[in-house]
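Residue-level structure breakdown
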Amino acid sequence: MAEIQKHTHTADHALVMSSIMIFNKAVLKTNFYQPTKVAVSFRLNPNFLSKWEYPVGLYGMFLIIGNEFRGFHLRFRDVARGGIRIVKSRSKEAYALNART
């Protein structure tokens, strides 16, 4: 982190670079390098979360990013019910309605 401070010019730049480093260290699995995919997905090690802010530890944390959607899934056990639910909106008005609900 000292290296980031040395090579960045503003606090905002340092924050962005530090956040990228934290994200990269937390990635356990990804499909980023797969030649065919509809979305990029990451399984993250949740240990980077503050124990003070998040006292109940997570078992797994997943982040999915597609062309027209974003999603995440948090697991508190090895086997978790539920999953990622994505609502794809047909228009900006439908997106605004979906975002509110």
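What you see is a predicted model; the values in this text were computed from it and never measured.

Applying the stated rule across the entire model yields one salt bridge. With its nearest N and O atoms 3.8 Å apart, the salt bridge here joins E3 to K6. Of the two residues, E3 and K6 both sit in helix 1 (residues 2-7), three residues apart, roughly one turn of that helix. For K6, a relative accessible area of 60% puts it in the exposed group.

Here the focus is the sheet that holds strand 2 (residues 39-44). Strand order in the open sheet formed by four strands is 1-2-3-4, with antiparallel pairing between adjacent strands. The sheet is open, and its two edges are formed by strand 1 (27-30) and strand 4 (70-75), each paired on a single side. Averaged over all adjacent pairs, the angle separating strand axes in this sheet is 20°, with direction ignored.

Evaluated as defined, the whole model comprises two aromatic pairs. With a centroid separation of 5.0 Å and an interplanar angle of 85°, the aromatic rings of F32 and Y33 are classed as edge-to-face. For F32, a relative accessible area of 46% translates into the label partly exposed. Residue classification places Y33 among the exposed positions, given a relative accessible area of 71%.

Tracing the backbone shows T30 in strand 1. Note on T30: relative accessible area 33%, which makes it partly exposed. The spatial distance from the C-alpha of T30 to the C-alpha of V40 is 7.3 Å, given a sequence separation of 10 residues. At 3.0 Å, the side chain of T30 and the backbone nitrogen of F32 are in polar contact. A distance of 2.9 Å separates a polar side-chain atom of T30 from the backbone oxygen of S41.

Let us now look at the nonpolar core. In a soluble, globular protein the nonpolar side chains are often hidden away together inside. Of all hydrophobic cores here, the largest spans six residues; its members are A26, F42, L44, L49, L58 and M61. With residues up to four places along the chain from it excluded, the contact list for L49 reads Y54, L58 and M61.

Attention now moves to the pairing of strand 4. Each regular strand carries side chains that alternate between the two faces of the sheet. As paired elements, strand 3 (residues 60-66) and strand 4 share six bridges and run antiparallel to each other. Along strand 4, the bridge assignment pairs F62 with H73. Two successive antiparallel strands, strand 3 and strand 4, enclose a turn made up of three residues.

Before going further, it helps to examine the side chain of S18. As for its placement among the helices and strands, S18 is situated in helix 2 (residues 11-26). For S18, a relative accessible area of 13% translates into the label buried. Those residues within four positions of S18 in sequence are excluded, and the remaining contacts are M1 and I4.

Parameters at a glance
Every residue gets a number counted from 1 within its own chain, in the order that chain's sequence is written. Where totals are concerned, whole chains, interfaces and linings use all residues; where local detail is concerned, this predicted model gives features only for residues with pLDDT of at least 70, and gives and counts side-chain atom pairs only at 80 or more. Hydrogen atoms and water are omitted, and side-chain values are computed over all heavy atoms in the structure. Salt bridges, as used here, are contacts in which a Lys or Arg side-chain nitrogen is within 4 Å of a carboxyl oxygen on Asp or Glu. Helix and strand definitions follow DSSP, with helices as H or I runs of at least four residues and strands as E runs of at least two, each counted in order from the N terminus. Three labels apply to residues, based on accessible area from a 1.4 Å probe with only protein chains included: buried if under 20% of the type maximum, exposed if over 50%, partly exposed otherwise in between. Think of it this way: DSSP has to see at least two bridges between two strands before they count as a pair. Orientation is described by lines fitted to C-alpha atoms, with helices fitted over the stretch in contact, and by angles between N-to-C directions that extend from 0 to 180 degrees. Note on aromatic pairs: the rings of Phe, Tyr and Trp (six-membered ring only in Trp) are paired at centre separations within 6.5 Å, and the planes decide the class, stacked below 30 degrees, edge-to-face beyond 60, tilted for the rest. Polar contact is defined as a pair of N or O atoms within 3.5 Å, subject to the rule that within protein one atom must be able to donate a hydrogen and the other to accept it, and that residues adjacent in sequence are counted only when both atoms are side-chain atoms. In this description, a nonpolar core means a group of buried Ala, Val, Leu, Ile, Met, Phe, Trp, Tyr and Cys residues linked to one another through side-chain atoms lying within 4.5 Å. Pairs of residues are marked as contacts when any of their non-hydrogen atoms sit within 4.5 Å.

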